Amino acid sequence: MVTMATNGNSATAAFTPVLTAMSTMRDGQREQKKAAHQFLESFQKSAEAWQITIGLLQSQADAEAKLFAATTLRGKITYDVNQIPPEALPALRNQILELLKVFATGPRPIRIQLCVCLAILAIQMTEWKDVMPMVISTLGNDAESHACILDFLKVLPEEVTEGRKINLTEEELSQRTQELLGDNASLVVRLLIDYAQSSNSAATNPQLLEVITSWLREVPVADVVNSPLLNVIISALDTDRSFEAATDCLCAIFKETRDVDEYVSTIQILLPRVISLKPRIDQAAEQEDAELFKGITRIFAEAGEAWVVLIAREPTVFRPLVEAVLQCAARDLDRDAIALTFVFWYELKLYLILERYIEARMQYVDVYSKLVDVMLKQLEFPTPDGDETDLFDGDREAEEKFREFRHHMGDVLKDCCEIMGVTECLTKVLERIKIWTRDYASQATTTSVPHWQQLEAPLFSMRALGRMVDKDEDIILPQIIPLIVQIPHHEKLRFATIMVLGRYTEWTSNHPELLEAQFTYIVSSFQTDSKEIVRAAAMAMKFFCTDCKHLLSGQVVQLQQFYNQTLDKLPGISQEELTEGVASVVAVQPPAQIFNLLKLYCDPLMARLMSLANEAKDDEGKLAIADHMQLITYFIQIVTPYVEPGQENPAVKYCQEIFPILATILDTFIDFNPVCERICRNWRYMVISYRTAMAPLLPQMANKLANGFAASKQGCFLWVTAAILREFSEDREHVDDQTTQAIYAFFEAQATNMLRMMSDLAPRDLPDVIDDFYRLLVDALLYYPHRLIFSELFTPIFQAGISALALEQRDPLNAALHYLRDVIGYGGDNPPSSSDSPNPPEIQQVVRNLILANGEHLVKQILAGMMITFPDDCFTDGSGALLGLFELMPQQTAGWVDKTVRMLPAGTIREPEIDRLMTGIRDRLALGHDGLRKVRSLLQDFTNSYRRRYVAPRDGLGRLEAERFHFNA
């Protein structure tokens, strides 16, 4: 039973361990806190917790202990109500009601937790039919009890909506929802009206408004809008204590009216009430009341979002609402509220660009034009009182927030551009630049640029609009580009200009007459002292070289001189961007020139690499090798000349030159993972870029990969193996049988090495390699299914995958589960194959035999993972594998599930629960294919429920413990 006396030594003794653990969580050392957390977590799921938590709530313990007790009781009622007999539930309900009387005056957090307890219990006590009358009559009608009743009314709909947590069937939950909410909706509205009319204080009580908000999904919104409650909500906006809750409530009403055709009459009542709030915009702005301004902005913006289709249909009627949202954006000098309007402008744009709303679009063009002006002003950096270099008075958080906010405003400018047209938007930008030039350009010096903020904002807006501007635009950009490359030197202006030029490189490729001035501007920017400008210049150079590569191809040799002189002065990311750019120019040269150009560009890089390798004495020096290796890889990735099959590929010829050097560096630093990874990445791209042309290098590469994997046990060697399997698969053209046979033999050698590792070491010691290995196996199964499935390694690879399911890391688990799911797929007619031909019966039989022999173990590990050890991200693949098994062999899989769930630790689940699960599974299997998805849902709900209720046993998983994998070869 759950009753417990609150006096006597036994009660105190029962509380002591819990109170001691809570004290340790507050004041203990790290290890002590960890132990205390584990104790409390176990306690919360124990059967003893019922008596102890109620005892604590009835005791003289402090508020923190009682809040913990109330929270624990909530969890017990949600997940563990099966620990107490059904006939004890009325007594538990009565105890909670009595506790609510005790905590009627507070503390409120405890009172709310108890209300949640009562609500969850009400959902599960399906025989309790008079919930609302009993709660109201028991708690009484005095002022103190009103707070309790309001809290209960607020949480009841929320908890019913979250009912998936509770162990009821869909049908039971649906019926209980109707009994608790649907049947009580009109009663609740009457109660709330009566309470609101009982006093002025009641009418502005935030709790009342929270209850209305909570019940809006259950009560027809028209019933609220057509009742005195609408006046209560609108009036509550006039009072500070109720303003926020009234705003939430009003916005919730708007959301309920989104189906505008159904709620036209309701919206007709609401619209004038909302418009009547318009004077509050200026009032809030003049009072500099940020919270009031945000609330009013939110009301107008969310009304607009809810009724956006009506705004498009009836522009004249709804224009005052749109103008109110614009006014909110314009008057928000602190930029705290304007972001609340962004979704509205976007959603309205989506309608206005449709042909059927062309008339409304024409009527709103002027609004969006004014919005551009607002955005251009809001985009300006602040003007500091003193130090020009510190625009935010040292507030780095405010600076970061402003930078992020500008990008969102850039999205709004794109919306405006779609309504107004590109030319009109760019015209406004050009006007701003001309105004600044007229008013301030003559005052600029090398050290000072007056009011630079007014010039930088239109530059930023140009950058934001880049995606909207067609490369054929010939009206405004040819006027702007010559202007901005002459802008006075100022760090932020130069940075903004570089970013603009880098954004319009595709346009420039169509206007070659303007390339030289821009390119010169970018190149000269590398000479500045500003790191930010240099980084921007490197990024812009990447885009210029990528988009204008054909225009720059004649300068490929001069470009190498610039590249070689500049590279060492740049930070790592900028080196990569510049390299990516120049490699793009090399890539468009005739194939006959590629070899010499690769030597011109990459030989100095290789010389630097060898120098770094010779000098590396510590991890920092070794990391420098890895970073520099990336630059060479960019050339391999990007420079991919087309040559006819059978002809020598000039890029492969260069790869053959550098391969021995890379192999030597690999051997030297085989114990340093970053160097191994970068060299393997380079080789992987050789295979991906040059595909079957890499055949001459394969023997050397395979030898290095095999030796490297055996020596280092690093998964990066398997990346390259996977690329080779893909590019030299059996169904590729120009690949002979001898080559595919050699490649598959190489793969099996790698797999054998891996299986030996997995036999010698527990999965927890090899998580990253297991991840890479099973990703490789997914490719092997896809491209070489016949060889792999009939291989002697097929069974041990599958068994090793099952043992890997004992891991608790997401990536290796997902890789192993993907492979296991793919193997299961080959047991049926539609495997995940790269071939269109049907799956042969002999393959299906091999896979079915494999699953019959190992299915019980597989199901045990998947269910153990889903119930206890898997991270959340692995549930989908786990249940997907189970679904595949049910599709393939439903009765056997049901038997394996039954056997597994009966292995769960004693006391953690009741036999009737298992029986109900298995009955549900068998009933749905009887429906045939249509029932399989429901079986998957049943298992997901069961495992989720179990997982929430129980902590993984500290002494292991008992009969669910994974078996060690053993490999004999």
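In this text, all values refer to a predicted model and were calculated from it rather than measured experimentally.

Conventions used here
Residues numbered from 1 in each chain as written. Predicted model: local features only at pLDDT ≥ 70, side-chain atom pairs only at ≥ 80, totals over all residues. Heavy atoms only, no water. Helix = DSSP H or I, 4+ residues; strand = E, 2+ residues; numbered from the N terminus. Areas by Shrake-Rupley, 256 points an atom, 1.4 Å probe, with all protein chains shown as cover. Lys, Arg positive; Asp, Glu negative; His and termini not counted. Charge placed at Lys NZ, Arg CZ, Asp CG, Glu CD. Domains from an automatic or database assignment. Contact = heavy atoms within 4.5 Å. Buried area = accessible area lost by both parts, 1.4 Å probe. Salt bridge = Lys/Arg side-chain N within 4 Å of Asp/Glu carboxyl O. Polar contact = N/O pair within 3.5 Å; in protein donor to acceptor, adjacent residues only side chain to side chain. Patch = residues over 30% accessible without salt bridge, like charges linked within 9 Å, V, L, I, M, F, W, Y side chains within 5 Å. UniProt positions renumbered as here; feature names shortened; annotations may be inferred. Phe/Tyr/Trp six-rings, centres within 6.5 Å; stacked < 30°, edge-to-face > 60°. Buried < 20%, exposed > 50% of the residue type's maximum accessible area, 1.4 Å probe, protein only. Core = buried A, V, L, I, M, F, W, Y, C linked by side-chain atoms within 4.5 Å. 1 Å grid on protein atoms, 1.4 Å probe; cavity = no way out; pocket = protein on both sides within 12 Å on 5 of 7 lines; lining within 4 Å. Points joined across faces, edges and corners; volume = space filled by probe spheres on them.

## Let's talk about the overall build of the protein chain
The helix and strand tally for the protein chain stands at 49 helices and zero strands. Oriented by its inertia axes, the alpha-carbon framework of the protein chain measures out at about 95 × 85 × 60 Å. Per element, the accessible surface of the protein chain, about 42,600 Å² overall, is 49% carbon and sulfur. Considering the protein chain, the positive charge centre built from 92 side chains and the negative charge centre built from 131 side chains are found 2 Å apart.

## Points about the domain arrangement of the protein chain
The domains assigned to the protein chain are domain 1 (1-167), domain 2 (437-588), domain 3 (591-695) and domain 4 (740-958). Between the C-alpha centres of domain 2 and domain 3 there is a distance of 30 Å. Listed by partner, the interface residues are 17 residues for domain 2 and 13 residues for domain 3. Across the domain 2 to domain 3 interface the summed buried area is about 1,500 Å²; carbon plus sulfur atoms make up 69%. Linking domain 2 with domain 3 are one salt bridge. One salt bridge connects Arg 608 with Asp 568, and the closest N-O pair in it is separated by 3.1 Å. Between the two partners, domain 2 and domain 3, sit six residue pairs in polar contact (both at pLDDT 80 or more). Of all the secondary-structure elements, those providing two or more residues to the side of domain 2 that touches domain 3 are α32 (556-566) and α33 (572-587).

## Overview of a nonpolar patch on the surface
Taken together, the side chains of Tyr 346, Leu 350, Ile 353 and Leu 354 present a nonpolar region at the surface, about 320 Å² in accessible area. Structurally, Tyr 346 can be placed in helix α21 (residues 342-352).

## Section: the UniProt feature "domain: Importin N-terminal" (unreviewed entry) in the protein chain
The UniProt feature table records "domain: Importin N-terminal" (unreviewed entry) at residues 36-102. Each end of residues 36-102 is marked by a C-alpha atom, and these two atoms are 29 Å apart; helix forms 75% of the span and strand 0%.

## Topic: the packing of aromatic side chains
Tallied over the entire structure, the rule returns 21 aromatic pairs. With 6.3 Å between their ring centres and 25 degrees between their planes, Phe 43 and Phe 68 make a pair best called stacked. Highlighted residues: Phe 43 in helix α2 (residues 30-44) and Phe 68 in helix α4 (residues 63-79), separated in sequence by 25 residues. Phe 68 matches Phe 43 in its accessibility class, with the two residues each being buried.

## Details of the nonpolar core
Taken as a class, soluble globular proteins show a tendency for nonpolar side chains to be buried jointly. Grouped together as the largest cluster of nonpolar side chains are 351 residues, with contacts concentrated most on Trp 307, Phe 635, Trp 683 and Tyr 774. Once residues lying within four places of it in the same chain are set aside, the contact partners of Tyr 774 are Met 758, Ile 797, Ala 800, Gly 801, Ala 815, Ala 816 and Tyr 819.

## Focus on empty space enclosed by the protein
Here the structure, examined in full by the defined rule, presents one cavity of 30 Å³ or more. Size it by volume and the largest cavity reaches roughly 40 Å³. Val 189, Leu 192, Ile 212, Trp 215, Leu 216, Val 219, Val 224 and Leu 229 together form the lining of the largest cavity. When residues of the lining of the largest cavity are traced back to their parent elements, those giving at least two are α10 (185-196) and α12 (206-215).

## Structural notes on the environment of Arg 313
Its place among the elements puts Arg 313 in helix α19 (residues 308-313). The class of Arg 313 is partly exposed, set by a relative accessible area of 39%. Spatially, the C-alpha atoms of Arg 313 and Thr 72 are 52 Å apart, while their sequence positions differ by 241 residues. What Arg 313 contacts, discounting residues up to four positions off in sequence, is Val 260, Asp 261 and Tyr 357. Polar side-chain contacts of Arg 313 include one of 2.8 Å to the side chain of Asp 261.

## Concerning helix α7 (residues 131-139)
For α7, the set of buried residues is Val 131, Met 132, Met 134, Val 135 and Leu 139. Looking one or two residues beyond α7, the residue adopting positive phi is Gly 140, at roughly 90 degrees.

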